[in-house]
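Examining the three-dimensional arrangement
The primary structure of each chain is shown beneath.
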Amino acid sequence: MQLCRFNEGRLGIVQGGQVKDVTEALDVLPAYRYPLPCFDPLIANLKEVVARATELLPAAKTLALEEVSLLAPVASPGKIIAAPVNYLKHLAEAREDAEIHHRNQVGEIQRVGVFLKATSSLVGQSEGVALKHLNRRNDHEAEVVVVIGKKGRDIPAARAYEYVAGYCVGLDMTTRGPEERSFRKSIDTYSVLGPWLTTADAVSSPGELGFRLTVNGELRQQANTRDLVLGIPELIEMASSFYTLHPGDLIYTGTPEGVGPVHPGDVIDVSVDGLGGMRVQVRAA
Ligand code: MN
């Protein structure tokens, strides 16, 4: 199933270029009170929501995809985890290009681990990217994103897929510079997630997903998750060996070679086989 959030926080099922409005399915969510949990309520109750949405589907109002504004499919992740240089060819390009590495050591992911992005940086495709620090390079990074489905820690790679709720297309936008990654990648709108959540049961081979990114129609990045240095199970094992993963936690799995600058007015198209594509407008903040 492909579940989207759209317009003013409505819930939809995406089918054949259309959105079926199943917002009423959100009524199955428990009412949380302060202090709020550090997980995403929709993902934590995904089974119940999907069951109710399926009941509502036959009578649901239909909208064309083009007429809705798509929001981030996960509204309230507890954390956004991201993998640095997780494709070998991107490691090589980052080490060669001073505009990318800024004299930061670019190490192998096995040695440097994963990093966190501020959850306040998260947007859906309809919100677009608002560039800050226009005097610096602001790069696109196309990534496949894993959405964690259940709580776990010290998860062995062999069991990692049991903890996955689904997958999304992601943009890990990056201001280049000498500062820590998490600082440069946590600017508002610098984590784009979309276009919808494809549930894990609908993705047969997450380790073999082709994806590509264009800027104003020009192909910049093209890769396949089979070329990840640390694959999805290994990333889940690494992250959960340091902190507990919760439903709705996002893992941006890393970007391949071809990263490059974008400017106000540019249009980024990024798509992943089976997960859909999103069009993201770039503007100045
Ligand atoms: Mn990245």
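Quick look at the structure, then.

Definitions and limits used
Residues numbered from 1 in each chain as written. Predicted model: local features only at pLDDT ≥ 70, side-chain atom pairs only at ≥ 80, totals over all residues. Heavy atoms only, no water. Buried < 20%, exposed > 50% of the residue type's maximum accessible area, 1.4 Å probe, protein only. Helix = DSSP H or I, 4+ residues; strand = E, 2+ residues; numbered from the N terminus. Pairing = 2+ DSSP bridges. Axes fitted to C-alpha atoms, helices over the stretch in contact; angles between N-to-C directions. Donors = N, O, S within 2.8 Å, 3.2 Å for Na, K, Ca; no water.

Regarding the pairing of strand 14 (residues 191–199)
Where burial is concerned, most of strand 14 is hidden: 9 out of the 9 residues are buried. Two strands pair when backbone bridges link them, and strand 1 (residues 2–6) and strand 14 are joined in this way by 2 bridges, in the antiparallel orientation. Looking across to strand 14, one finds that Gln 2 is bridged to Thr 198. One ladder, built from 2 bridges, connects strand 8 (residues 122–123) with strand 14; its direction is parallel. Of the residues in strand 14, the one forming a bridge with Leu 122 is Ser 191. Looking at chain direction, strand 12 (residues 164–172) and strand 14 are connected through 6 bridges and run antiparallel. The partner of Gly 170 across the bridge, within strand 14, is Leu 193.

A short note on unusual backbone geometry
Note that the residue after Tyr 34, namely Pro 35, is joined by a cis bond; omega there is -5°. With respect to the helices and strands, Pro 35 occurs in the loop between strand 3 (18–21) and helix 1 (41–44). The peptide bond linking Gly 194 to Pro 195 adopts the cis configuration, its omega dihedral lying at -20°. Note on placement: Pro 195 falls in strand 14. Even without being glycine, Thr 189 reaches a positive phi, approximately 75°.

Brief notes about the sheet that holds strand 13 (residues 174–175)
The strand order across the open sheet built from 3 strands is 13-10-18, with neighbouring strands paired in antiparallel fashion. Taken across any chain shown, the strands that pair with only one partner, and hence form the sheet edges, are strand 13 and strand 18 (260–261). In this structure, strand 10 (residues 138–140) lies alongside strand 13, joined through 2 bridges in antiparallel fashion. In the sheet register, Asp 139 faces strand 13, and the bridge partner there is Thr 174.

A closer look at the sheet that holds strand 19 (residues 267–272)
The strand order across the open sheet formed by 5 strands is 9-20-19-15-16, and the pairing between neighbours is mixed. Lying at the two open borders of the sheet, with one neighbouring strand each, are strand 9 (129–131) and strand 16 (218–224). Each strand axis lies, on average, 20° off the axis of its neighbour in the sheet, ignoring direction. As paired strands, strand 15 (residues 210–215) and strand 16 are joined by 6 bridges and run antiparallel to one another. From the neighbouring strand, Thr 214 faces strand 16, where its bridge partner is Leu 219.

Some words on the coordination of the manganese ion
Note on metal geometry: ideal angles are 109.5 degrees for four donors arranged tetrahedrally and 90 or 180 degrees for six donors arranged octahedrally. Bound to the manganese ion on the protein side are Glu 141 (OE), Glu 143 (OE) and Asp 172 (OD), at distances that span 2.0 to 2.1 Å. For the manganese ion, the donor residues sit on a single chain with the sequence spacing E-x1-E-x28-D. Note on Glu 141: relative accessible area 4%, which makes it buried.

Function-wise, these values are silent; they only describe arrangement.
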